Every structure is written in C-alpha cells, then in structure tokens.
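Observations on the three-dimensional arrangement
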Amino acid sequence: MDALEILTNQDKVVPYFQAIFSADEHKVIGYEILGRYETEAKVESLGPFFFDNQIPEEYRIEIDNLVLSKAFDKILKLDQQPLVFVNRDIELLMLDSGEQLIMILQHYEQKGLSLEKVVLEVKEGSYKGETGDLHHLLRYLKTLGIKIALDKMGEESGHLDKISQLSPDILKVDLKPLRNDLNNTTLKDVLYSFSLLARKIGASLLFENIEMDYQLQFAWINGGRYYQGFYLHHPEAAFADTSIFNEKLRVKCEKFIVHEKNKLLKVYELSDQLQDLIFSFFQNPKKLQDPYDHLLEQVSLEFSQMSFRLYICDENGFQLSSNFFRIGENWEIQEGYNGKNWSWRPYFLENIVKMNRDQRGLLSDLYSDIETGENIRTFSYPLRNNHYLFMDLSYEFLYEQEGLLR
C-alpha cells in the first residue's frame, strides 16, 4: 500500500467491526476493530500497512491510533457498549511502554467508555524485548479494568511457558490451519491442548477464522466461549444486529449437542459390551489362578478381533505380565515389559481408584498410541488382588464402530 497516500488522506481511514459471538447467549457480544482504507472504488484492509516494517513506526502508530479513536467515537453512540477488541502490534506498543494507548483509553473513559469492556489483543510470542517490561504493562492495564487476550494461539505453540505468567483473560485460537487439513489429528490435539490450558489458568477461549461449519463444531466441542470468522460475520463499517445469527447459531448448537450425545452413547455402549464379554470370560475362577502370561494367551485368542495389545498391572502401575502384541494375525510375547511402571501416564491412578470403587471396567478416551502412532482406546478391567487387565483396542476395530474415532 502507498503509505504516503494513507497519511495524507486520513479522512479515508475508517474502522470496520467484525462481530464476535458468544456460545452461551448465541448473539453478538463484541467486535474486533479493524482498519480499512475507503475510496470510491474499493475498500482495502490496512493490514499490509500495519505489518510493513519498511514504513516508519511512528506513521503506523499514528494510523493505528486514528482507527482506534474513530472506532471509539462510534462505539460511544451505542445504547449499550459491547466488548471491544483492540489489536496492537506488541513491538509498536512497547516503544513508549503503552503511553499513547493509555492516554487514548483514559480520554475516552472520561467520555463514557467503560474500560472493563475493552480487550487488548497482543501476540506475546512475537515480542523480542524484555518480557518483564511487557508483563508490567499488561498487569497495569488489567488494574484499569482492561482484559488481555493472547492472539494467534493456533499459529505457533512456542512461549507456552510464559502464558500463565501473563494471566490472560482470553486465549484467541486460530482455526485457519484446521480448514486446510481437516484430518490432521496432531493439529487437532494441539488445538485441544489450548482448551485444557485455558481451563487451568481460568481464561476463556475465542476461536477465530471460522469459515466453515466443521470449524464451528470443533470450537464448540473444545470449549470455545466466543466465536469469530467469515462463516458468522464479515467485517462491516456498521455494527451488526446483536441477534443477527441468533437462530442459526442456536440450531447449529442443538445439532452439535445431538451429535455429541450420540457419540457419548456409543462409547458407553461399547464399554458395557466389553464389560459383559470380559466378565463372562472370567466366570470360571480357575482362569485367574493361571500364570498371567498363560492367562493373556487365552484372552488373546478370545479378543483378537478387537485388541492388539494386552498386559496386566498392579494398583501402583507395575506390570505383572509380558506384553501380548498382535502383528497381523499372530501374537508376539514381549517379555521385556514385565516390571515396567505406568503410573506416570495421565489418568492411570485416577482410573485405578475408579475401578476399585465401582468394581467394573473403564473405556478410555481416544488418544494416539506412542508406539504405533494410531488413534486407539484402552479398556481396563479389575481382576483380583488389586490387579488389572489392560486391553488396547485397535484402530481397525474402532473404525468399524460408528462414532468411536471422534
């Protein structure tokens, strides 16, 4: 873009507003402010201007502040102030330790702007300066009531160790990569990890760049509180009707709810089926008197169509048997696993306690097996003397069971 043209025609610099929707109310609860350059012929995004490092920093800051001021002028005319998401290049913000931004915010606060409705979006991982200075500024802004959103969480996974130090109110996760690779389970797992992180640090999740139904469903399933993207609303110069997507979003969520309940039902049905099959198998108490490797040999013959790995552990996670591992139609005995400890695995001890309490088996969630790399589930079953059978269910078997690979 011609920087000089923009700087000399600031009357053509205007704010646009992209709506952000809430999962709990199914309506518009806020807007992200975006810069546009408006001529009679077309409307252009100012993104290339703001990201062009060849343009002097003071010019980019000047136009950024202009867009923000014009946006606040419009927002103050609304009957009710929505959440206002303010994007800032963190390098430019820290040139004066945020002084210009703070002055603008305080100026408009005197005019009636609620700073508690302002959300500052920053991409923390992009900052090359002293993180202590950045953290100090963000903490100060939070004392003014301003919320902090960390942007582009799906774009890069570095700097996760610093996120909790910032105590963000919102994690903004980019779903654009999911559009290009719908079947990438590793990507889905990385994106899912942000929902776990958000829950741990008490932040809300905002999923952005939602451009198709599948991305919206993914956002809903993974705990998204806020949604944003062209599938829901394109940026406009005017504010959207808060209920513009209300009915459609409600219908979509009802569809997702039915789908998720059916999937959970399938999981419970398989768990009950395995519980009955293994209970029947051990009806003969003499089987439990056999050495465990001999016992697993019998189990492998009975459950070869669904399982590819079998082993037995005690309540502390120490393996009491060899691994029985199926390769093709044959089972291989892996004696080297006897004596290994698996208590470090997530949910291992929690599941042991559950089995002790309920005296029935448990079916795990879907996860990627470390050795095979395939998506599997594990069914664990209490035997006797606080010993437990673990049966890893194969990808092929789960593939044949509707709803068990999602």
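Refer to the preceding data block for the structure.
Our subject in this report is the structure included herewith. It should be emphasised that the depicted structure is a prediction, and the values quoted were computed from it without experimental measurement.

Moving on: the pattern of salt bridges. Pairing is possible between side chains of opposite charge, provided their charged atoms come close. On inspection of all chains with the given rule, the structure shows 17 salt bridges. Measuring nitrogen to oxygen at the nearest pair gives 3.1 Å for the salt bridge that ties Arg88 to Asp64. With Arg88 in the loop between β4 (83-87) and α4 (90-93) and Asp64 in helix α3 (residues 57-75), this residue pair connects regions lying 24 residues apart in the sequence. Here Arg88 matches Asp64 in class, with each residue buried. Asp392 is the partner of Arg309 in a salt bridge, and the nearest nitrogen-oxygen pair spans 2.5 Å. Residue Arg309 is found in strand β10 (residues 307-314), and its partner Asp392 is found in strand β16 (residues 387-393); the two are separated by 83 residues along the sequence. In this structure, Arg309 and Asp392 share a single accessibility class: buried. Each member of the salt-bridge network shares a partner with another, and the members are Glu32, Glu121, Lys172 and Glu208.

The next point concerns the packing of aromatic side chains. The tally for this structure, following the rule as stated, stands at 18 aromatic pairs. Between Tyr31 and Phe239, the ring centres sit 5.1 Å apart and the planes meet at 65°, which makes this aromatic pair edge-to-face. Here the residue Tyr31 occupies a position in strand β2 (residues 28-38), and Phe239 occupies one in the loop between β9 (226-227) and α11 (246-281), the gap between them amounting to 208 residues. In this structure Phe239 comes out as partly exposed when scored by relative accessible area, which is 23%. Pairing Tyr311 with Phe390 gives two aromatic rings, centres 5.2 Å apart and planes at 10°, and the pair type is stacked. Linking Tyr311 in strand β10 with Phe390 in strand β16, this pair joins segments that are 79 residues apart in sequence. By the burial criterion, Tyr311 is buried, and Phe390 matches it. Among the aromatic residues, those joined into a ring-pair cluster are Phe281, Phe282, Phe303 and Tyr381. A cation sits over an aromatic face here: Lys340 above Tyr337, 5.8 Å from the ring centre.

Calculation notes
Residues numbered from 1 in each chain as written. Predicted model: local features only at pLDDT ≥ 70, side-chain atom pairs only at ≥ 80, totals over all residues. Heavy atoms only, no water. Salt bridge = Lys/Arg side-chain N within 4 Å of Asp/Glu carboxyl O. Helix = DSSP H or I, 4+ residues; strand = E, 2+ residues; numbered from the N terminus. Buried < 20%, exposed > 50% of the residue type's maximum accessible area, 1.4 Å probe, protein only. Phe/Tyr/Trp six-rings, centres within 6.5 Å; stacked < 30°, edge-to-face > 60°. Lys NZ or Arg CZ within 6 Å of the ring centre and 35° of its normal.

By themselves, these are just geometric observations and shouldn't be taken as functional.
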